[in-house]
Amino acid sequence: MLFAVSSWMPDLPRLNNPGDIQAVNVIPGATSYEPFPGLDQIATGSTGQMLGATYGRDNANNSYIYAGDVSALYSVVAGSLNAVTRTGGSGAYATEIDNGWEFVNWGQTVIAVNGREGDFPQTISFGAAHFANLTGAFPASHIAVINNFVVLGNISDSMADVQRVRWSGLNNATDWSLSAEASTLADYQDIVGNGGWLQKITSGEQGGYVFMEREIWSMVFVGSPLVFQFTKLIDGMGAYASNSVVYYENMVYFLSNDGFKVFDGSNITDIGQGLVDKTFLADLDTTYLGSVRGIIVPDKKVVMWAYPGAGHTGSMCNRIIVYSYAFQKWSLVQIPNANSGNIDIIVTASTPGYTLDGLDAVDTNLDTLPFSLDSREWTGGQLVMSAYINGKLYYLNGSPMPATVEVGETNLMAKLPMLPYQQPKKSLVANRAQINTIFPLVEGINSLSCVSVTINYRDNQAETVQQWFGTTPDSAGKVDSRIQARYASFIIQTTSSFSQIQGLDVEFVNAGRR
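Read on for a plain summary of the structure.

Procedures and definitions
- Residues numbered from 1 in each chain as written.
- Predicted model: local features only at pLDDT ≥ 70, side-chain atom pairs only at ≥ 80, totals over all residues.
- Heavy atoms only, no water.
- Phe/Tyr/Trp six-rings, centres within 6.5 Å; stacked < 30°, edge-to-face > 60°.
- Helix = DSSP H or I, 4+ residues; strand = E, 2+ residues; numbered from the N terminus.
- Lys NZ or Arg CZ within 6 Å of the ring centre and 35° of its normal.
- Pairing = 2+ DSSP bridges.
- Axes fitted to C-alpha atoms, helices over the stretch in contact; angles between N-to-C directions.
- Patch = residues over 30% accessible without salt bridge, like charges linked within 9 Å, V, L, I, M, F, W, Y side chains within 5 Å.
- Areas by Shrake-Rupley, 256 points an atom, 1.4 Å probe, with all protein chains shown as cover.
- Salt bridge = Lys/Arg side-chain N within 4 Å of Asp/Glu carboxyl O.
- Buried < 20%, exposed > 50% of the residue type's maximum accessible area, 1.4 Å probe, protein only.
- 1 Å grid on protein atoms, 1.4 Å probe; cavity = no way out; pocket = protein on both sides within 12 Å on 5 of 7 lines; lining within 4 Å.
- Points joined across faces, edges and corners; volume = space filled by probe spheres on them.
- Nonpolar A, V, L, I, M, F, W, Y, C, P; charged D, E, K, R; others polar.

1. Here we look at the packing of aromatic side chains
Considering all chains together, one arrives at 23 aromatic pairs under this definition. Residues Phe 260 and Trp 305 carry aromatic rings whose centres are separated by 4.5 Å and whose planes lie at 40 degrees to one another, so their mutual orientation is tilted. Highlighted residues: Phe 260 in strand S24 (residues 259–263) and Trp 305 in strand S27 (residues 302–307), separated in sequence by 45 residues. Ring pairs connect the aromatic residues Tyr 248, Tyr 253, Phe 260, Phe 280, Trp 305, Tyr 307, Tyr 323, Tyr 325 and Trp 330, which therefore count as one cluster. A cation sits over an aromatic face here: Arg 116 above Trp 197, 4.9 Å from the ring centre.

In structure tokens, the structure reads:
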């Protein structure tokens with residue numbers, strides 16, 4: 001009998017769970033799980049915990065990566081994180097760990113903010129040696145680009161205002177003066193009321209969205225004199241963790257105070273209710289809400305949130321929860337102990353370009369390089385999901401992490417093959433089953449020895465779940481067993497590369513009521 005994988009549903013009971021009890025280090029697919037790639041170190045040079053990062057590309061098609069910790073900003077060049085912190089008397093930064101760094105691309109520059117109580121916004125031209133204070137701007141926790149305006153939120157201008165949105169002049173990131181607002185359109189809006197603190201500003205279908213703690217607002221460009229019209233769209237619900245808010249294809253995914261949601265510009269849909277919300281919120285260390293950080297991975301069609309769960313270190317994250325927006329399915333990633341069991345942040349990065357000197361790392365002979373010198377291969381720019389660990393950059397494109405999938409517990413005798421119109425016989429439902437043979441269905445493996453099967457079993461719900469640790473499959477691809485139980489679930493584990501985990505084929509017989 002086939003026991004197919006489904007989706008991670010830890011909020012539901014073990015018994016008769018229509019999903020999977022465990023789905024660790026995998027990515028949900030349509031009818032299977034795909035591997036979650038391991039960590040591949042790309043750049044070193046910092047020892048501090050990274051609190052934000054971004055990427056960009058200039059007009060010459062050269063790629064850049066920037067990141068920031070508590071006191072410094074860095075650029076990734078030829079495998080090293082080089083400090084590009086502002087120079088002069090201002091020196092080191094004072095970044096708010098709760099918010100970290102937020103970045104936006106603005107033309108041929110990058111602009112960064114590090115908290116309302118942090119520093120003035122920082123800006124750098126692609127390829128320049130150092131960041132510098134952005135002329136005229138104010139310390140802020142959040143930043144976005146909306147309709148050719150740089151927009152700041154939760155700021156400190158004439159006063160600290162956690163509900164203020166302030167924007168620059170049109171097409172001018174250095175003009176923040178209100179004295180000529182009629183011509184420059186620079187202005188601000190306070191979103192007063194019960195919405196709480198401003199948590200995030202993000203793009204929208206016709207302008208932008210402002211996420212408060214308990215409200216969601218739209219900001220739509222209408223021209224002078226209002227410039228932007230603000231309209232409350234959602235009352236009573238907002239962003240619980242500011243960095244959980246992720247915008248993609250006119251949809252906004254975020255964590256509210258009661259679980260994961262998606263917002264389409266008009267309505268909010270629960271995506272974790274009854275599936276993962278209860279488990280996630282119980283595991284989340286709310287002392288470090290600022291560490292929760294989401295990204296979109298378009299090629300995998302998933303949104304992922306790194307978060308500090310039970311056993312994490314400091315403000316670092318030890319788990320990643322994964323949601324497939326293509327198939328509405330969930331899984332979990334546990335950061336390997338080999339990588340300290342924690343990550344600073346999860347981000348989207350781009351593959352870096354090479355300088356002539358940097359090509360020595362590929363081949364010291366220019367005549368034998370695999371691509372011509374004018375090839376785009378040397379300019380980089382391919383997007384890849386990434387993470388920083390203790391200040392070092394890793395791409396998540398290595399060998400698959402070891403995976404664990406446990407299908408839901410079931411009464412085996414109630415699963416005996418029957419015609420569609422038949423019901424299980426009561427006498428059989430009360431019986432135990434003897435599990436004889438298990439075929440793990442795992443595609444793309446190099447050897448059967450990289451797969452193992454475990455059986456969790458019990459005879460009643462008051463009984464402690466027992467485990468039978470099976471061996472790896474034999475040359476026929478099967479695992480033999482003589483376990484007898486009324487209820488059982490099955491665990492597949494992998495230790496090396498695979499392409500898909502589909503489930504298990506299990507052969508069992510009636511063992512009576514002994």
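Having seen the structure, we can now continue with the description.
2. Observations concerning the sheet that holds strand S9 (residues 80–83)
Overall, antiparallel pairing links the four strands, which are arranged S6-S7-S8-S9 in an open sheet. One side of each edge strand has no neighbouring strand; the edge strands of this open sheet are strand S6 (52–57) and S9. With strand direction ignored, the average angle separating the axes of adjacent strands in the sheet is 30 degrees.

3. Re a nonpolar patch on the surface
On the surface, Leu 356, Leu 366 and Leu 373 cluster together into a nonpolar patch covering about 320 Å² of accessible area. By the element assignment, Leu 373 lies in the loop between strand S30 (345–350) and strand S31 (383–389). On the basis of relative accessibility, which here comes to 51%, the residue Leu 373 falls in the exposed class.

4. Quick notes on unusual backbone geometry
With the exception of glycine, most residues fall at negative phi, and the peptide bonds are largely trans. Pro 225 follows Ser 224 through a cis peptide bond whose omega is 5 degrees. Note on placement: Pro 225 falls in the loop between strand S20 (215–223) and strand S21 (227–235). Notably, Asn 25 is not glycine yet its phi reads approximately 65 degrees, a positive angle. Inspection of the secondary structure assignment puts Asn 25 in the loop between strand S2 (20–24) and strand S3 (26–28). Judged by relative accessible area, Asn 25 falls into the buried class, the value being 7%. With phi around 50 degrees, Ala 78 is a residue other than glycine that occupies positive phi space. Relative to the assigned elements, Ala 78 resides in the loop between strand S8 (73–77) and S9.

5. What about the layout of surface pockets?
The computed volume of the largest pocket comes to approximately 1200 Å³. Tyr 55, Val 246, Gly 294, Ile 295 and Thr 348 are the residues nearest the centre of the largest pocket, which is lined by 41 residues in total. No other element matches the five residues that strand S26 (residues 293–297) contributes to the lining of the largest pocket. For the lining of the largest pocket, the per-class residue count stands at 26 nonpolar, nine polar and six charged.

6. Here's the deal with the pairing of S8
The side chains of a regular strand alternate, residue by residue, between the two faces of the sheet. When you tally the buried positions in S8, you get four out of five residues, the bulk of the element. Pairing of strand S7 (residues 63–68) with S8 involves three bridges; the strand directions are antiparallel. Following the sheet pairing, Ala 67 is matched in S8 by Tyr 74. Joining the antiparallel neighbours S7 and S8 is a turn of four residues. Between S8 and S9, which follow one another and run antiparallel, lie two residues, and Ala 78 among them has a positive phi close to 50 degrees.

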